Amino acid sequence: MHEESKSTLFELLHDVLSRVSKVVKRYLLDPEDEAPSQFDQITILRRALKMSMFLFQGFVVKEEGCILRKDPTKVPAGGRGRGRKKVSEEGSMWEIESERAKAISTLISILDLDLVTIWRSTPEEEFIGLFSKVCLKMMENQVNVKSASLKKQMFSVLGIVISKYGYTSQITLSIVNSLLCKFAHVSPYLVELMETFATSYKHPQIVGEVLRQVGNLNPKDLSHDNAASKGVSSFLSDLAEKLPRVVLTSVSVVMGLLDGESYHFRNGVVQLLGQLVVKAFDENCPEPTTRDSLLKVLFERTHDVSPYTRSKVLQTWSSLAAAEAIPRKYYVSITERCVERLHDKAQKVRKHALVLLSKLLQFNPFGPQLTSRKFKKNLEKVYYSLEKEVGDVEQFLADQEGKDPEELEAKPSEYIQLLYLFKDALDFIRFLNPSIPKVIDLLGSKNVADVLESINFLTKAAQFKLSSAEDGLKQALALIWSKEEKIKEAILTAYSALYLTPREDWDDTKQTLYMANNLIQLTSGATLGHLTSLEEFVQIAVKKEKIPKRVGAMLWKIYENEPEEPDQEKQNNPQELAKREEALAKCRGALMILTMMANSDSSVITPKLNSIVSSLGARSRRDPLIAKYACIALQKLSMGISPTSESTSNSKEAAKETDTRYRSDAQTFSHVKNFLTSVSVPASDWFAGAEQAVIAIYNVCEGPDIFMGDIIKTMTSRLFPTCFPDGRYKSPRKQTSSQAASQITAVTTDGQVKASEVAKLFFLIGQVALRQLIYVEDIHKEIRRKLVAESESKKAKNSAEEEAIEKELGTALAAQQEQEEKDEKEAKDQIVSTKNLLGVFGPMITSVCYNSTGRYVDPLLRSSAVLALSKFMCVSSEFCEKHLQLLFSILESDDHPSLRANIIIALGDLNKRFPNPLKPWIDHLFKRLRDHEPRVRKNTLMVLTHLINMDMVKATQLGDMAMCLEDDEERIRKLAELFFYELSCKGQGNNTVYNIIPDTLSHLSNATIKWKSNNSDPEGLNPETFKKIMKHLFSYITNEVHIEALVGKLCARFKETTDAFLWRNIVHCLSLLTLSDKSCKKLADSFKEFKESLIDRVVHDTFLALITKVKKKVKTETKTILDELEAQMNQYRENIDEKDIEAHDQGLATQKPVEEEEEEAPVNKGRGRAGKKGGKKVVNKSTALMAKFAKRRRVADVSSEESSSSWDDGLSEGEEEEEVGRRKRKSNPKGSDSMEIEGEDGEEEHSSARVPRDDGLDDADLLDLTPTPRKQTTQKILDTQDEDEDIFDAEELDTQAFEAKKAQKRELRKQQLQKSTPKTATPKTTTQKNSKKKSESEEMSVESQESVSEKSEKSEESEEKKKTTKKNVASKQKNAKKAKKQESSDEGSEIASSKEESSKSSSESEEDSSPKKGKATRGRGRGIIEEFFRIRRGFLSQKGQSYTRKRERKG
């Protein structure tokens, strides 16, 4: 129908209906003027009214439906009620709001008529329903209900229909089923409609009818439409808010929704109950029982199955607490339940639990200070007073047990009320205090909302003086470094509210003193980490002017108000001494805050320079700790930062331009010198002050190196008077460590005091060396900056004609910069050179570190020496390489945990400074993760975390770091979790945790095997702990591609082992993955890989549980695949003989699992065959397979320990000779000084493992530690494994599948070796005979490797066409014998003699396994290697002849 036709039809129908209504109205006014037959007239009018109303209603309803189908949210084309009749091109004329209003007005006029007279009774429901149907249909359109005038008219029609004609049941059914359950937008308007019915039309029972209809809804009918479900939920809560008393009378009809499946409905009922408790009851509640029943329902809903409902319940309780509608008797129970919800898995629930705890604190009925001590004292007083009234209080309380506490409190005695008040308060505090540790844990949550609410709760808890709340805030202060601006702002707001917000009614002086004292209090008992975070907070607060400048002046007053020296009487009084110590701590805290404020405004420090310097004089002797902070304050003088600085970069540039240095002879530095050379300052306090003093001198003093040199000379002359009889320091030319040791021995014989003085000297020397390095770098950096600035200024002055000169200037600048870099490197190397002052002390420091005589047992002296050694190594790369083994020897052998922990930190700095020399030693650093001391493990974990995150150490083998996830120390566990979280976030689209899973699984599985073998093994790992670690690691694997790849890799591991314990570990890891449809298909395709492991019951059951879990979330097609896989597994399991299963289970119960062999550990040949015991074979299939692999490993091992080590170390003759040389040096340590190691060019080769020493010490003083380069070690192991397979695979596992897989692996290993094998220089020997043997061995090695590659290529082609049979093996063995004879005749007598020597060593290996020395040892090792190659060539019969021809050509 066209739009014009629709408009004409509407006008016609509306005109007819209007005319009929007017006729009816005239008739009702004057019925006698109408037709003579009154009965016929009424009938005619009634019929006309019915027909016209039916047609009009039908047209309107149909057009509204058309509009909704086109666009339910379309705005009317004619505007908002402006009366315009312009018709839209796409819509009908019903899009004009004025037409709707005209139609509704006509309906109202008809309903206002006395229709009872026309019908002679109440009109039938069908006719009245036509009016309501028009209005309800219009309400479906969101545009209609948004119009206030139209909405009012529709509500009037519905109100008249209900109030005047009693059309209740049908309209309530239509409201719920046709509107509420289908259109989400209509919910708030229906609440207004209900309010109109109850108030304007005095018909509140309609609300009960609507609630009854809502209570009868089936949640399943709305399961597909969440918007409608949310609409019903909001309708219930809004209705209770608008009409609480009316809803309360019918609340029982909706309680059944709490047992339904829809959490939206449950949320609506929960909010409804909360609104009723707040608004339906007042203080003089007539129905306390009803209120209690509603509260009990809300309390029980905190354990709802849905997290959305649990969070909504907690929100409702928060609104009750804010409205102070929770009775006191419920405070304790709801607090306890809320603390439980802090452990909820759902983040929303935890968040609202924290909000509720904050609200309970804020609106608690017990008082502003919740301290247990105060309430306990008050309770004791009440007990005492109540005892006077009732006698035995305990008996009285027992008699009153079970009665309502409110009834007891209503008794006239005020003591009874106070008694229950204080008891409830103590219970409230008792449940709140345990929640603080959990809230502190939530500070480390990944979710920002958790962190923000935790900070808010801790702030509230600190305001109410809850115990340990301030400790929690101290830990929260570390979040000032967070990258999230919301978190940083929350910390700043919390600390400002607690410590920088005084009462407004105080005067300025009192407010300033309040803020100053609070800031000083924050420094009390603070750790280094907390002070660093506090410094950042103070700096930000000063920039944002949250700390006024007048606070700085108040802090100076506190600092300068030093307590007087106690007299003799006060010195014996502990209370007076405690007060004085508290006053001194307050002075130190004031100075600390001032130095923190100076980071943003150095003018805080500059005017008080004299006061700072005086602290280094007599005051430092009275309070040694003040010197440290005074020196830190002196460092701020070089910053030159003003509060007008806009950014950090601008501040640094301003500092460079305004850098002011003071003369070294100024009074300032005389006090510093007196402090450093003072003997009266205790060593424990001196070290902290000396470190900062050296930094201050290098920051603000002119010629700091000369000034510090004088101080070192003064201390040295005092400590070594026998060496300097005239009191003057003379620099010796060169000093060996033996001479230095004799000097230290001389000065340390007097006792502990002298040892501490030497420790001070060592500490000062190391600190000066490090600062001198920084000083040199700054100088050369400034020189380069000036060179660039001069070049740019010259370029700016040049004209266009001088372009050629500009090129010359550019070349000259590059040359100058290159020369400057050389000068800088030379200057750095000279810092610890023996030609300079600091280098003279090098031998002295190393002698104490070596401690070859065992005389230096003082821990302070050794700690200072090791620290100085570490700093020297940071300065010079040559010094670092020379003493790396010494440092790692101390790390491995020293008994002091603090010393080992400090070395770990030093190694982190060394790795950053000189990464290449440290690379071979990284494995020794990883070993410290298994140190028995928690402090060492923590430092190691922190250092490795930093190095890995900075890409200075590759994140490959992180098994030991993964074991830290279940460390005994909570701090280490948290650090490990943080490390793996950051590792998972590292890289774009490439989860690093995914890459380390295979290696980590292997490492942890080996650890579980060690635990199974010996549960007291420190390197073992409990299987339950293994599961927890892998669960944490696999939680980071969320990418579907990564999951699918891991499924393939894990399934492939089943065939690589026969150990049932490893099978269980692998299948457990599979169960941790969230499998997708592709991953399930991958699992099904890998059935052949893991089917043999199904003999183990645990593996089989775990697979079935995994399949059952995955079936719930995958598609129908994937379910079919999983059903087929499950059937295959069950069928394979049924086909296994029960005896085999019983034997397998019995073998697991009686036998220890076979441990994997270490990479370089030789196997004792006399251990016997695995799988046999007492001459009887073991029936267990898995044990038999393991026996085969063990046999292969045993046959591959050499007969003696020494030949095994050379075998495992590789096949290079040069490396073998180096090993022999190392054994010679070890057997003859006295000759190590004169021994030289030369490279290929005859030049001396410097090695961090073995270097000639000029310090008079022996290599025997060091542990036998050698760096283990990972690439070389991996190459040797792969070579050895490759050779093992070539020799024994055809004999032991003669199957086509295994041969194909073996060839594929061999080719892959060869490709890896070609890419990653490093080229290393081979040391030369001195005799011509050894050189000849070396060249022959190298030729044999190269040619044999070529034969291996050619053989592997041919094996891949031949093995695909035919199977390898026993006949092939026999023929290969015959060919091998022929090849042996032919090659032995070509190689001559020398090789024959080595063959005899090799066979002799093999036969005598069990009788005499002790290694021989010198030439004989080398010969035996060579004989074994040559025999090995001959065996290989026996299997390569085709290449045997070609090898002989090559030998003839070269010969």
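In short, a report on the structure. Throughout, a residue's number is its position along its own chain's written sequence, starting from 1. Reporting in this predicted model follows two pLDDT cut-offs: at least 70 for local features of residues, and 80 or more for side-chain atom pairs to be given and counted; totals over whole chains, interfaces and linings ignore these cut-offs and use all residues. Think of the side-chain values as coming from all heavy atoms in the structure, minus any hydrogens and water.

**Thoughts on the overall build of the protein**
Threshold: Going along the chain from the N terminus, every DSSP run of H or I of four or more residues is numbered as a helix, and every run of E of two or more is numbered as a strand. Exposure classes here rest on a 1.4 Å probe applied to the protein chains alone. A residue is buried below 20% of its type maximum, exposed above 50%, and partly exposed in between. By the convention used here, residues are in contact when the closest approach between their heavy atoms is within 4.5 Å. Only the protein chains shown count as cover for residues, with accessible areas throughout obtained via the Shrake-Rupley method and a probe of 1.4 Å.
Secondary structure assignment for the protein yields 69 helices and 2 strands. Within the protein, buried positions represent 49% of all 1451 residues. Long-range pairs, those at least 24 residues apart, make up 74% of the contacts in the protein between residues at least 6 apart in sequence. By element, 49% of the accessible surface of the protein is carried by carbon and sulfur atoms, the whole surface being about 72,900 Å².

**Re the side chain of Ser52**
The following threshold applies: Here a polar contact is recorded for every N or O atom pair within 3.5 Å, except that within protein the pair must consist of a potential hydrogen donor and a potential acceptor, and residues adjacent in sequence are included only if both atoms are side-chain atoms.
Its place among the elements puts Ser52 in helix H2 (residues 38-70). There is a polar contact of 3.2 Å between the side chain of Ser52 and the backbone oxygen of Leu49. If we ignore the near neighbours within four places in the chain, the residues touching Ser52 are Val16, Leu17 and Val20.

**Digging into the packing of helix H55 (residues 1077-1085) against helix H58 (residues 1116-1135)**
The geometry of a pair of packed helices is captured by two quantities: the angle between their axes and the separation between those axes. The test is simple: Axes, fitted as lines to C-alpha atoms, cover a helix only where it is in contact. Angles between the N-to-C directions of the axes lie from 0 to 180 degrees. The scheme is simple: roughly parallel for angles under 35 degrees, roughly antiparallel for over 145, roughly perpendicular for 65 to 115, oblique for anything else. Left-handed describes a crossing in which the near helix is turned anticlockwise from the far one by less than a right angle; the clockwise case is right-handed.
Direction vectors running N to C along H55 and H58 enclose 25°, while the axes themselves pass 10 Å from each other. Considered as vectors, H55 and H58 are oriented roughly parallel to each other. The two elements H55 and H58 cross, and the hand of that crossing is left-handed. Where H55 abuts H58, its residues Asp1077, Cys1080, Lys1081, Leu1083 and Ala1084 lie against Thr1118, Ile1121, Leu1122 and Leu1125.

**Some thoughts on the pattern of salt bridges**
Which entries qualify depends on this criterion: When a carboxyl oxygen of Asp or Glu is within 4 Å of a side-chain nitrogen of Lys or Arg, the pair counts as a salt bridge.
All chains considered together, the criterion is met by 40 salt bridges. Two residues, Asp304 and Arg266, come together in a salt bridge whose shortest N-O distance is 3.0 Å. In this pair, Asp304 sits in the loop between helix H14 (288-300) and helix H15 (307-322) while Arg266 sits in helix H13 (residues 263-279), placing the two residues 38 residues apart along the sequence. Pair check on accessibility: Asp304 and Arg266 agree, each one buried. Across the pair Arg350 and Asp450 runs a salt bridge, and its minimum N-O distance is 2.7 Å. Note that Arg350 is positioned in helix H17 (residues 347-362) and Asp450 in helix H23 (residues 448-463), a separation of 100 residues in sequence. Neither residue differs from the other here; Arg350 and Asp450 are each classed as buried. Put simply, Glu892, Arg900, Arg928 and Asp931 are held in one network by salt bridges that share partners.

**Thoughts on the side chain of Ser318**
Locating Ser318 in the fold gives a position in helix H15. Assessed through its relative accessible area of 8%, Ser318 is described here as buried. Filtering out sequence-adjacent residues up to four positions away, Ser318 remains in contact with His352, Val355, Leu356 and Lys359.

Fair warning: the whole summary comes from geometry, so function is off the table for now.
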